[in-house]
Amino acid sequence: MVNECEAKAVAQSYLQHLEVQSLGHYDRKLSFQLMECLLDRYFGAIQDLADNLVHGICEAIDGERDPRCLLLVFRIVETVARVYPGDSGPLADYAEELFEILGQYFPIHFTHPKGEDSGKREELSKALMMAFAATPLFEPFSIPLLLEKLSSSLPLAKAESLKYLSFCITKYGSERIAKHAGAIWSSIKDVTYINPHSTLSQESEPDGMGFQDSDIMMQAYALLQEVSRECVDFISLVIGDKDIDLFMNSLDQYKDIGGISLQDKQRLHVVSRILSTCAKSSILLCNKVFESFFQLLVNSLGLSVAQQFENNHLDENSFCPDKPNFGALYLCVELLAACRCLSVSLDNCTSHPEFSHQICYSMVTCILKLLMKVFISLLRSDIADNEKNGYLFYGVKGLQILATFPGSFLPVPKALYDNILLELVSIVASNGNQIALWKLSLKALVEIGFFIDKYPDHEKVASFQVVVVEKIVSLMSSYDLAIPISLKLQSAFEIGMTNKDFMLRVACGLEQSIYTNISAALLDENQVTVELTAKLLDTYSQKVIPWFIEVGGLEEIPRKFALNIWDKIENVMSMSHTPLKISSDLLVATMNAMKNAVASCSERSQEMIIKKALGVISSGSSIGLKRSSSGCCILKEESSHQTPSGNPLVTSEWVTSLFASVVIALRPQTSIPKGKMILQIFITSLLDGHIPSAHALGSLVNKLPSGTMEMNTSEILDLNEALDMIFHIYSGTSCNSVPPGNDYSGINLSCLRLKTATVHSLTNYIIGLAWIGKGLLMRGHERLKDITMTLLGFVMFNHESEVSKQFENEINVYDEKDVHQLMQCAGDAFRVIMSDSLECLNRTYHAHMKPLYKQHFFCTIKPILLSLVVNTKSSLIRSMLYRALAHVVIETPLIAILGEAKKLVPALLGCLSQLKDDASVKEIIYSILLIVSAILVEKIGREAAVENAPGIANQLIELTTYSHKMAVRETALQCLVAMSELPHSRIYPLKKQVLLAASRALDDPRRSVRCEACKCRRAWDSIA
């Protein structure tokens, strides 16, 4: 441990013998770190070095240019200022010299653009700013320097100067700043009023102005706010400025928004920002701004010309023009907004001034009712369309401001507050044709809702609930066509999300509308009702439920919804004596709502829902099930017959789809009763082509417990028992018997009944296997092998495969088209297994996901597929194997593909060669091409690209004329450009072929392809 004597000796040696700037970068950095350490930890020991210490520091830091060392330099200066405070002492003697060194670095910029780093520059700039403001002794030198830099032509210098001034003013004190007040105001006025740096924004509100302030102007307004707070008399410079005064007394030229030039609009915007910034700074400044200008604005609005505010009263029947002076309206609303912002900030303070004694309070209070009338009249007026948006915007904004003043500052009477809400909600409820006004009014109501949620006022909350929320909720159940249902639902959700109680009321109203309309949609089959119900369900599932999940603690909402939907289904089924039909749109919306509702529930709630659903299914007679002698479920033979009233399976499919939605969304820990019955339902439906049943089976095998738990095993399945049931029910055998000779290298299909051995049944069977395999893959279960080998058997569905031998008799009656369909379906099953799904088996629906499961499957199946491709003699089977391989490779993470690039590139080229003539697989071709592109450009795959360069080039050349997808031609040319970077000896023999292909591509009908062809030709032309 270094003692104080030793530290002082080090410091003396440092100052006497060390010439820091003659050292290398690393040694200089160590020197500055040493000095910083001495100042921070041993200042008591070196304090009496005084002048020698400060002078030595000046010599050490003078001329430093390295950014990392400069960070230490600026911190050292800040530390010196802290340890030598006061107006006298060693720092005072060297303040000018020290600041002269600091001033050389302002503004921070890098002389070499390649070395510039925005984060590093910001860090250096902040450190320099802290050093500038470290001591008031720098004020005589820093303020003039910063004001001088404002005249720079560099935007960075201007913005930094304003930023530094804002920070330094808060540190130097009002007395030191007062003497610079005039110069500071002149500088602010110059960059805002005289030479404004604002532009029209394309994304601004439709307010008739739409200016976006530059960083320079934003910094200028920040400086104005700080200097106004620090210097009490500064406001007199603003209010007394001749240009500002002239502008305010010339508001008549800004009467019509349509007649205001762009330059004048910009000036109007700047004046509003200047006055608003001052008014927001403090209650004293707000009083002065209002006292100077608010009466003038009120007079310009035409509210009162003769009467003044002296009596704190204004005639409520004062003239209120239909089209007030826009300039006065704009400034008036902006000043009210500034006053409101100030009052909110003060209201949050533990102690705030008595607002009732403030001038601004008195002036706003006495004219409150008239202002509200003006703003409402603007929303009802017939102003020309080219001028309308500006008046509507400030009419709505004015009402919003009045409604969001804190009650401690402006206690708006309940009658006026209710009138504001009624005006805005009447527009939202009945004025869907004027979409601009509708959006503004809804946004204002949302802001008011958020305000009363953040700053609770029981009276205002009650008014908002009655006037706004109840009215908006009633819209959802009304059949008024004046406003589209999409706007009704948007307004309900946005207003509901402002407060938990409001959303509960919205959710309740939405649920009632859903329950009413879903019954009508099922019984009456009215298309309008169907579309309405679908939109109601989409809003509930996509917006309301996610909102409650984010808020948390409201699980009863989705649980109640799911249970009530099943109640409605039960009631509708009991009331209808004929099979019910349901549109696909309504079914999808209902399924999504059910899945999202169930997924957001806890295990206990999910158990309640699935028991309710099972009760509905058990009580209905529409699920066409019967027991085989083995205890397995098979299709009723009668179910294939038609009845005069329609397909009797319509109701069954609908109910089964909703039940599948419940099962898909269950958590793994949820107990599933009557597991065998559930499996029977889904397998029966799946063999009839019901895809949601396949999703449900995949979800079940993904989430069922792997071992028998301490529960009633006759009711609750474990995974192994479920898989045995699934495989043997598929093959029509007993659940308790395993066919002899089955080594589980695939599923034994020898017992599959002839009736189910149709192409349609086998296709459904393959789809089901794919989703079951996906569920097993994601949890990493070994029985995936059985499914994989079975699917590969179908991919090779001819006399070469074991699957084919099991269907030897039936194959003879299948035509070539049927066989091709089965093989293609089996190849596409690998895409189902590997791809991400939105319908099921994802994190939203609580699926088990073993880490790196895709990579593991890829490593397992790759050698099998490659071996089969090599050994097969049939071109058809080879193309189907390539199809399966393509799906696996496309869905595997790229890093795993690049690691196996040497083995995969020949296979990928085979995929392109075999599949390129089939237009139905153009997306596969494009995806494979993207992988080839990655192999060409990534370092890890470059070696494989070099080895296979001729083959890659030949395939790419052929794809430059691919007619089925423009992106394939474009990407092929980009890959050829990437190939030009490969070693010269490997690509030079290919130059002639590539240039010829690029020349042909120059005649491509798509411009983007022609551009890539030009790049390709230039790249290969440069190869000598």
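1. What about the overall build of the protein chain?
- Within the protein chain, the regular secondary structure consists of 49 helices and 4 strands.
- Relative to its full complement of 1024 residues, the protein chain shows a buried share of 55%.
- Taking all contacts inside the protein chain whose residues are at least 6 apart in sequence as the whole, residues at least 24 apart take part in 75%.
- Counting only carbon and sulfur atoms, one obtains 51% of the accessible surface of the protein chain, whose full area is about 44,400 Å².

2. Considerations on the pattern of salt bridges
- Taken as a whole and assessed by the stated rule, the structure comprises 33 salt bridges.
- A salt bridge links R82 to D40; its shortest N-O distance comes to 3.3 Å. Residue R82 is found in helix 5 (residues 67-83), and its partner D40 is found in helix 2 (residues 25-41); the two are separated by 42 residues along the sequence.
- We note a salt bridge from K414 to D418, for which the minimum N-O separation is 2.7 Å. Linking K414 with D418, this pair stays in helix 21 (residues 414-430), spanning 4 residues, or about one helical turn.
- Residue classification places D418 among the buried residues on the basis of a relative accessible area of 13%.

3. What about the packing of helix 24 (residues 485-496) against helix 25 (residues 500-524)?
- The geometry of helix 24 relative to helix 25 is characterised by a closest axis approach of 8 Å and an angle of 150° between their N-to-C directions. For the element pair helix 24 / helix 25, the angle class is roughly antiparallel. Residues L489, A492, F493, I495 and G496 of helix 24 form the contact with helix 25, whose own contacting residues are F502, M503, V506 and L510.
- Of the residues contributing to the contact of helix 24 with helix 25, the split by class is 8 nonpolar, 1 polar and no charged.

4. A short note on the confidence of the model for the protein chain
- Mean pLDDT over the protein chain stands at 84; residues scoring 70 or higher make up 86%.
- Considering only residues more than four positions removed or in separate chains, one finds that residues 621-649, a stretch of pLDDT under 50, has 51 contacts.
- Confidence drops under pLDDT 50 across residues 748-756; counting only partners more than four residues distant or on other chains, this segment forms 26 contacts.

5. Observations regarding helix 12 (residues 215-230)
- Here helix 12 is 16 residues long and its end C-alpha atoms lie 23 Å apart, about the 22 Å a rise of 1.5 Å per residue gives.
- Within helix 12, the full set of buried residues consists of I216, M217, Q219, A220, Y221, L223, L224, V227 and S228.

6. Some points on the packing of helix 42 (residues 901-915) against helix 45 (residues 949-959)
- Closest axis-to-axis distance for the helix 42/helix 45 pair is 10 Å, and the angle between their directions is 25°. Accordingly, the angle class assigned to the pair helix 42 and helix 45 is roughly parallel. With respect to the hand of their crossing, helix 42 and helix 45 are arranged in left-handed fashion. Facing V905, L909, L912 and S913 of helix 42, the residues of helix 45 in contact are G951, I952, Q955 and L959.

7. Side note on the environment of G86
- Of note, G86 is situated in the loop between helix 5 and helix 6 (90-103).
- Spatially, the C-alpha atom of G86 lies 8.7 Å from that of P136, the residues being 50 residues apart in sequence.

8. Section: a negative patch on the surface
- On the surface, E19, E59, D62, E96, E97 and E100 cluster together into a patch of negative charge.
- The biggest single contributor to the negative patch is helix 6, with 3 residues.
- Of the residues examined, E97 reaches a relative accessible area of 34% and is grouped as partly exposed.

9. Describing the nonpolar core
- Ranked by size, the top nonpolar core spans 363 residues in total, and within it F74, W566, M979 and W1020 carry the most contacts.
- No other element matches the 15 residues that helix 17 (residues 326-347) contributes to this core.
- The residues touching M979, leaving out its near neighbours within four places in the chain, are L936, A949, I952, A953, L956, I987, L990 and W1020.

Calculation rules
- Residues numbered from 1 in each chain as written.
- Predicted model: local features only at pLDDT ≥ 70, side-chain atom pairs only at ≥ 80, totals over all residues.
- Heavy atoms only, no water.
- Helix = DSSP H or I, 4+ residues; strand = E, 2+ residues; numbered from the N terminus.
- Buried < 20%, exposed > 50% of the residue type's maximum accessible area, 1.4 Å probe, protein only.
- Contact = heavy atoms within 4.5 Å.
- Areas by Shrake-Rupley, 256 points an atom, 1.4 Å probe, with all protein chains shown as cover.
- Salt bridge = Lys/Arg side-chain N within 4 Å of Asp/Glu carboxyl O.
- Axes fitted to C-alpha atoms, helices over the stretch in contact; angles between N-to-C directions.
- Parallel < 35°, antiparallel > 145°, perpendicular 65-115°, else oblique.
- Nonpolar A, V, L, I, M, F, W, Y, C, P; charged D, E, K, R; others polar.
- pLDDT = per-residue confidence, 0-100.
- Expected span 1.5 Å × (residues − 1).
- Left-handed = near helix turned anticlockwise from the far one by under 90°.
- Patch = residues over 30% accessible without salt bridge, like charges linked within 9 Å, V, L, I, M, F, W, Y side chains within 5 Å.
- Lys, Arg positive; Asp, Glu negative; His and termini not counted.
- Charge placed at Lys NZ, Arg CZ, Asp CG, Glu CD.
- Core = buried A, V, L, I, M, F, W, Y, C linked by side-chain atoms within 4.5 Å.

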